[in-house]
Amino acid sequence: QVQFVESGGGLVQAGGSLRLSCVVSGETFDVNGIAWYRQAPGNQRKWVADISAGGRTNYAASVKGRFTISRDNAKNTVYLQMNSLKPEDTAVYYCGADDYYSGTITYRDIWGQGTLVTVSS
């Protein structure tokens, strides 16, 4: 079973920075794209950013220019560097994939447990 484990969340003042990490188990990390989503209280989960196996990145308009997604294949880790944080960035942040190839099967809609980011004004 492939597992995604997020960390790095916490409480930060507006204008501050945090770096989230997502460690993925298994041996096929480098052939899979990974995404970050977030879910604010009372809202649906929303896409934040993603990075392909080749390193191509995409961002939601609300975070473009402030957040940076990156990956370290040697560590099976995807990062989300978040700068210039705003109170509206407060949410639980999840990493995962719509489709994740494990080498034997493809997992659909697989996600971690999330890490809470709280931005105070």
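So, here's what we can say about the structure. These numbers were taken from a predicted model, which means no experiment stands behind them.

With the rule as written, the count across this model stands at 3 salt bridges. The partner of R38 in a salt bridge is D89, with the nearest N and O atoms 2.9 Å apart. One end of the pair, R38, is in strand β4 (residues 34-39); the other, D89, is in the loop between β8 (77-82) and β9 (91-101), and 51 residues separate them in sequence. The buried category is assigned to R38, whose relative accessible area is 13%.

Let's shift gears to the sheet that holds strand β1 (residues 4-7). Pairing is antiparallel in the open sheet, where 4 strands are placed in the order β1-β3-β8-β7. Single-partner strands in this sheet number two, and they are β1 and β7 (67-72). Averaged over all adjacent pairs, the angle separating strand axes in this sheet is 15°, with direction ignored. Sheet topology places strand β3 (residues 18-24) next to β8; 6 bridges connect them, and they run antiparallel. Within the sheet, the bridge partner assigned to R19 lies in β8 and is Q81.

So, about the nonpolar core. Ranked by size, the top nonpolar core spans 31 residues in total, and within it F4, W36, L80, M82, Y93 and Y100 carry the most contacts. Elements with a minimum of two residues in this core: β3, β4, β5 (46-51), β7, β8, β9, β10 (106-111) and β11 (115-120). Setting aside residues up to four positions removed in sequence, M82 forms contacts with G16, S17, L18, L20, R66, F67, Y93 and V117.

Remember that side chains alternate between the two faces of the sheet whenever the strand is regular. With 5 bridges joining them, β4 and β5 adopt antiparallel strand pairing. In the sheet register, I34 faces β5, and the bridge partner there is I51. Hairpin connection between β4 and β5: a loop of 6 residues separates the two successive antiparallel strands, and G42 in this loop has a positive phi of roughly 80°. Taken together, the 3 bridges between β5 and strand β6 (residues 57-59) define a ladder with antiparallel strand orientation. The residue bridging I51 from the neighbouring strand is T57, located in β6. Linking β5 back to β6 in an antiparallel pair, the connection comprises 5 residues, with G55 at a positive phi of about 95°.

Each value, and the rule that gives it
Residues numbered from 1 in each chain as written. Predicted model: local features only at pLDDT ≥ 70, side-chain atom pairs only at ≥ 80, totals over all residues. Heavy atoms only, no water. Salt bridge = Lys/Arg side-chain N within 4 Å of Asp/Glu carboxyl O. Helix = DSSP H or I, 4+ residues; strand = E, 2+ residues; numbered from the N terminus. Buried < 20%, exposed > 50% of the residue type's maximum accessible area, 1.4 Å probe, protein only. Pairing = 2+ DSSP bridges. Axes fitted to C-alpha atoms, helices over the stretch in contact; angles between N-to-C directions. Core = buried A, V, L, I, M, F, W, Y, C linked by side-chain atoms within 4.5 Å. Contact = heavy atoms within 4.5 Å.

Keep in mind that these numbers describe shape and distance, not what the molecule does.
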